[in-house]
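Residues per chain, in single letters:
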Amino acid sequence: MSTMLPSLYAAARPSLTEYITHHITFLTNERPVGIIDFSVVNFDSVFFSIALAVLFAGMFFTAARRATTGVPGKFQGFIELILGFVDSQVKDTFQGTSRLIAPLALTIFCWVFLFNFMDLLPVDLLPDVARSIGLGHLKDVPSTDLNIVFGLSLTVFALIIFYSIRMKGLGGFIAEFTLHPFASKNLLLQALLVPVNLLLESVMFFARPISLALRLYGNLYAGEMVFVLIALLTLKSGYHALASAGGWAMIVLQFVLGLAWTGFDLVIGLLQAFIFMMLTVVYLSQAYEHH
Amino acid sequence: MNINLTLIIQMIVFALLVWFTMSRIWPPLMRAVEERQRKIAQGLAAADRGEQELQQARQGAEAILREARERAGQIIEQAQHRANDIVGQARVSASQEGQRLVASAQQQIDLQASRARESLRRDVGEIAIAAASKLLEREIDARAHQELISKLAAQI
């Protein structure tokens, strides 16, 4: 969310803490208790996640339905540009044949980019709209929700396990954890090495979904936070900023910083979507590989 | 910030979205792209072929032109030869005809001359005899003096 609009609350100005807390609180059915609570739903994240899924699927499905083998229109050209980009990236990385991986990569790239793109909307625009219809909180960037990013990475993780076992068998999958990277011809020595291997490989294996999710989350959360901090510049004064030179300086500073960070955050969003896609493809191609 | 039901919902939405992309979006789009690539490849190949055919046709036309030019040259050469031959023949026959005419004229002239000589000879003989008979007042036997008169006439 960029800070093109100064935060203008009609009523009493919120304190800095209130403002920031407001921006990191989800719209939930009930107040969450503890770290894990499956009775809670983040309505805002679910809503934007599904809305952006529908946007992505709608655009691409329209293009797919109208796809012509003749001269493509501008819309089809745009869609095919993305398609060709993802396809070439997948083909460079993944050598086997799979009906799943390329569409999966396309989905991740586009969907995550749309998540990240929400960050570029003015930071208070949608929360203020939500407030006007009586919703107290609204976080409109799904990739700043741990549930959303882990929802993606754990699904990818499940696919990694599924394809590893399918391609290598359960024995091969276990062997990868126990006979690698340290191996010995001596059976006794090998028996001693198995726990070491298991520890090393498990850490590496389980680090994958966590790093995948947290990389995206951290980048976007930080980007969102910077927008919130830029918005703080005129938070205290509000409309009164228009009355003084110092206030105007703050408005200009907020505008310039917001504009600069919007451009930067766009690049971050695109890059993180690309990284998420590429790592997914890399992990899955490793799952397909035989050792 | 906590982990909640949103995680499960997100996983389900993700799975559905991937399934939708895999079944309804990727295949038709990819088919269209590959079909177009095939078409373009065919078009390029056809253009190449056309280019080649044009080249061949041009070469063929050039060969035909060259042949025609050669034939024309040959024909002209033959015609010149023929004309030279005809002129040569005409010259030869004309000179032969001229020689023949000259020869026959010469013959005629010779004949006339010898005839005139003969008659002159005869006249001279008669005149000589008449003159002699007048001189001698006697008749000369023409037959006896024939040999003498002939000799005389031959001397004329």
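Up top is the structure.
Here's a quick rundown of the structure. (Residues numbered from 1 in each chain as written. Chains lettered and ligands numbered in written order. Predicted model: local features only at pLDDT ≥ 70, side-chain atom pairs only at ≥ 80, totals over all residues. Heavy atoms only, no water.)

1. Things to note about the overall build of chain B
To keep it simple, the criterion reads: Where helices and strands are cited, they refer to DSSP runs of H or I of at least four residues and of E of at least two residues respectively, numbered from the N terminus. Computation of the radius of gyration draws on C-alpha atoms, with the globule rule given as 2.2 Å multiplied by the number of residues to the power 0.38. Surface accessibility in these figures is a Shrake-Rupley result with a 1.4 Å probe; residues are shielded only by whichever protein chains are displayed. Only four residue types enter the charge count, namely Lys and Arg as positive and Asp and Glu as negative; His and the chain termini do not. Positions of charges follow a simple convention, taking NZ of Lys, CZ of Arg, CG of Asp or CD of Glu.
Within chain B, the regular secondary structure consists of 2 helices and 1 strand. Starting at the N terminus, the α and β elements of chain B follow one another as β-α-α. Expected size for 156 residues packed as a compact globule is a radius of gyration near 15 Å; at 61 Å, chain B overshoots this value by more than 25%. Overall, the C-alpha framework of chain B stretches about 195 × 25 × 15 Å when taken along its three principal axes. Within the structure as shown, chain B displays about 12,200 Å² of accessible surface, and the carbon and sulfur contribution to it stands at 57%. Averaging the positions of the 21 positive and the 19 negative side-chain charges in chain B gives two centres separated by 9 Å.

2. With respect to the pattern of salt bridges
Quick reminder of the rule: In what follows, salt bridge is the name for a side-chain nitrogen of Lys or Arg lying within 4 Å of a carboxyl oxygen of Asp or Glu.
The full count for this structure, using the stated rule, is 6 salt bridges over all chains. Glu-80 of chain A is paired through a salt bridge with Arg-36 of chain B; the nearest N and O atoms lie 2.8 Å apart. In this pair, Glu-80 of chain A is assigned in helix α3 (residues 74–93) and Arg-36 of chain B in helix α1 (residues 5–136), connecting two distinct chains. For Arg-100 of chain B, the salt bridge identified is with Glu-97 of chain B, shortest N-O distance 2.7 Å. Taken together, the positions of Arg-100 of chain B and Glu-97 of chain B, both in helix α1 and 3 residues apart, correspond to about one turn of that helix.

3. With respect to the interface of chain A and chain B
Selection rule: Between two residues, a contact is recorded if the distance between any of their heavy atoms is within 4.5 Å. Buried area: the accessible surface (1.4 Å probe) lost by two parts on joining, summed over both. N or O atoms within 3.5 Å of each other form a polar contact, as long as, within protein, one can give a hydrogen and the other can take it, and as long as residues adjacent in sequence are counted only when both atoms are side-chain atoms.
Taken together, the contact between chain A and chain B spans 55 residues of the former and 29 residues of the latter. Taken together, both faces of the contact between chain A and chain B bury some 3,800 Å²; the carbon and sulfur share is 75%. Of all residues in chain A, the largest losses of buried area upon contact with chain B belong to Phe-38, Thr-69 and Asn-147 of chain A, amounting jointly to 18% of the total for that side. Where chain A packs against chain B, one counts 1 salt bridge. At the boundary of chain A and chain B, one finds 14 residue pairs in polar contact (both at pLDDT 80 or more). Contributions of two or more residues to the side of chain A that touches chain B are made by β1 (36–37), α2 (43–65), α3, α4 (101–117), α6 (146–178) and α7 (187–231) of chain A.

4. Regarding the environment of Gly-136 of chain A
Spelled out, the test is: With a 1.4 Å probe rolled over the protein chains alone, any residue whose accessible area is under 20% of its type maximum counts as buried; one over 50% counts as exposed, and the rest are partly exposed.
When you line up the elements, Gly-136 of chain A lands in the loop between α5 (125–132) and α6. Among the residues examined, Gly-136 of chain A registers a relative accessible area of 44% and is labelled partly exposed.

5. Quick notes on the packing of α2 of chain A against α3 of chain A
Residue and element names in this part refer to chain A. Which entries qualify depends on this criterion: In this description, a line fitted to the C-alpha atoms serves as the axis of each element, helices being fitted only across the stretch in contact, and the angle between N-to-C directions of two axes falls anywhere from 0 to 180 degrees. Orientation categories follow fixed angle ranges, with anything under 35 degrees roughly parallel, anything over 145 roughly antiparallel, 65 to 115 roughly perpendicular, and all other angles oblique. For any pair of crossing helices, the crossing counts as left-handed if the nearer helix is rotated counterclockwise from the farther one by less than a right angle, and right-handed if it is rotated clockwise.
Here α2 crosses α3 at 110°, and the two axes come no closer than 10 Å. Considering the angle they form, α2 stands roughly perpendicular to α3. Judged by the twist between their axes, the crossing of α2 over α3 is left-handed. Across the interface between the two elements, Met-59, Phe-60, Thr-62 and Ala-63 of α2 pack against Phe-75, Phe-78, Ile-79 and Ile-82 of α3.

6. Some thoughts on the nonpolar core
Rule in force here: The term nonpolar core refers to a set of buried residues drawn from Ala, Val, Leu, Ile, Met, Phe, Trp, Tyr and Cys, joined through side-chain atoms within 4.5 Å.
Membership of the largest hydrophobic core comes to 72 residues, with the highest contact counts inside it found for Phe-60, Leu-106 and Trp-111 of chain A. Elements with a minimum of two residues in this core: α2, α3, α4, α6, α7 and α8 (245–288) of chain A together with α1 of chain B. Those residues in contact with Phe-60 of chain A that lie beyond four places of it in its chain are Ile-79, Ile-82, Leu-106 and Cys-110 of chain A together with Ile-25 and Leu-29 of chain B. Core analysis: the second largest hydrophobic core is formed by 10 residues, Tyr-19, Val-123, Leu-235 and Ile-268 of chain A among them.

7. What to know about α1 of chain B
This is how the line gets drawn: Residue count minus one, scaled by 1.5 Å, sets the expected span of a helix. At any given residue, the bend is defined as the angle formed between two axes, one fitted to the seven residues that end at that position and one fitted to the seven that begin there.
Between its first and last C-alpha, α1 of chain B extends 192 Å over 132 residues, near the 196 Å set by a 1.5 Å rise per residue. Where α1 of chain B bends most, at Thr-21 of chain B, the angle is about 40°.

8. Notes on the packing of aromatic side chains
Residues and elements named next belong to chain A. Here is the rule: Two aromatic rings, drawn from Phe, Tyr or Trp (for Trp, its six-membered ring), form a pair once their centres lie within 6.5 Å of each other, and the interplanar angle then sorts them: stacked below 30 degrees, edge-to-face above 60, tilted otherwise.
For the coordinates displayed, the defined rule picks out 20 aromatic pairs over all chains. Pairing Phe-157 with Phe-206 gives two aromatic rings, centres 5.6 Å apart and planes at 55°, and the pair type is tilted. Here Phe-157 is found in helix α6, whereas its partner Phe-206 is found in helix α7, with 49 residues between them in sequence. Residue classification places Phe-157 among the buried residues on the basis of a relative accessible area of 10%. An angle of 80° between the planes, with centres 5.0 Å apart, marks the rings of Phe-177 and Phe-205 as edge-to-face. With Phe-177 in helix α6 and Phe-205 in helix α7, this residue pair connects regions lying 28 residues apart in the sequence. Look at Phe-177 and you get buried, because its relative accessible area is 11%.

9. Considering a nonpolar patch on the surface
Our working definition: A patch consists of residues whose relative accessible area exceeds 30% and which take part in no salt bridge; residues with like charges are grouped when within 9 Å of each other, and nonpolar side chains (Val, Leu, Ile, Met, Phe, Trp, Tyr) when within 5 Å.
Together, Tyr-239, Leu-242, Trp-248, Val-252, Phe-255, Val-256 and Leu-259 of chain A line one region of the surface with nonpolar side chains, adding up to about 720 Å² of accessible area. With respect to the helices, strands and loops of the structure, Val-256 of chain A is situated in helix α8.

10. Some details on the side chain of Ser-164 of chain A
Residue and element names in this part refer to chain A. Secondary-structure assignment places Ser-164 in helix α6. Ser-164 gets classed as buried once you look at its relative accessible area, which sits at 3%. Beyond its immediate stretch of four places on either side in the chain, Ser-164 contacts Gly-169, Phe-173 and Ala-287.

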